[in-house]
Amino acid sequence: MPCHQFAALLAGLDRAIADGAEDRVTDTVERLTGRPPRSFRAFAEEHGHAVGDSVAGS
């Protein structure tokens, strides 16, 4: 596939995702872990200490 066609394909995927093509909710996390899913922010606040002080204030 020529580079320009591949670039157009990637741009199309980005547009579709931005328009909600992957905007769905499933019960997979809860089924696999036994716990409800949480936001990335909640995870980072709980586990931020594991990556050190350099990102703690970000």
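Just above sits the structure.
Every chain is numbered independently, its residues counted from 1 as its sequence is written. The predicted origin of the model limits local features to residues at a pLDDT of at least 70 and limits the giving and counting of side-chain atom pairs to 80 or more, whereas totals for whole chains, interfaces and linings rest on all residues. Hydrogens and water molecules were not included; the side-chain quantities draw on all heavy atoms of the structure.

Caption draft 1: How the structure looks around the overall build of the protein chain. Looking only at helices and strands, the protein chain has three helices and zero strands in total. Shown N-terminal to C-terminal, the secondary structure of the protein chain runs as helices and strands in the order α-α-α. Looking at the protein chain residue by residue over its 58 residues, the buried ones come to 0%. Reported accessibility uses the Shrake-Rupley method at a 1.4 Å probe radius. Residues are deemed covered only where the shown protein chains occlude them. For the protein chain, the accessible area works out to roughly 5400 Å², and carbon and sulfur atoms hold 58% of it. Counting from the N terminus, the helices are the DSSP runs of H or I reaching at least four residues and the strands are the DSSP runs of E reaching at least two. To sort residues, take the accessible area from a 1.4 Å probe on protein chains only and compare it with the maximum for the residue type: under 20% means buried, over 50% means exposed, and anything in between is partly exposed.

Caption draft 2: A look at the pattern of salt bridges. Take a side-chain nitrogen of Lys or Arg and a carboxyl oxygen of Asp or Glu: if they are within 4 Å of each other, that pair is a salt bridge. Under the criterion given, the structure shown has three salt bridges. Taking the shortest distance from any N to any O, the salt bridge between Arg 24 and Glu 22 comes out at 2.7 Å. Judged by its relative accessible area of 55%, Arg 24 is exposed. Its relative accessible area of 48% is what places Glu 22 among the partly exposed residues. Two residues, Arg 31 and Asp 27, come together in a salt bridge whose shortest N-O distance is 3.0 Å.

Caption draft 3: Broad picture of helix 1 (residues 3–18). Here the expected span of a helix is defined as 1.5 Å times the quantity of residues minus one. Over its 16 residues, helix 1 extends 22 Å from the first C-alpha to the last, a length consistent with the 22 Å expected when each residue adds 1.5 Å. Just beyond helix 1, the residue with positive phi is Gly 20, at close to 100°.

Caption draft 4: Main features of a nonpolar patch on the surface. Each patch groups residues whose relative accessible area exceeds 30% and which form no salt bridge, using 9 Å between like charges and 5 Å between nonpolar side chains of Val, Leu, Ile, Met, Phe, Trp and Tyr. Residues Met 1, Phe 6, Leu 9, Leu 10 and Leu 13 make up a contiguous nonpolar surface patch of about 510 Å² in total accessible area. By secondary structure assignment, the location of Phe 6 is in helix 1. Residue Phe 6 is classed as partly exposed on the basis of its relative accessible area of 43%.

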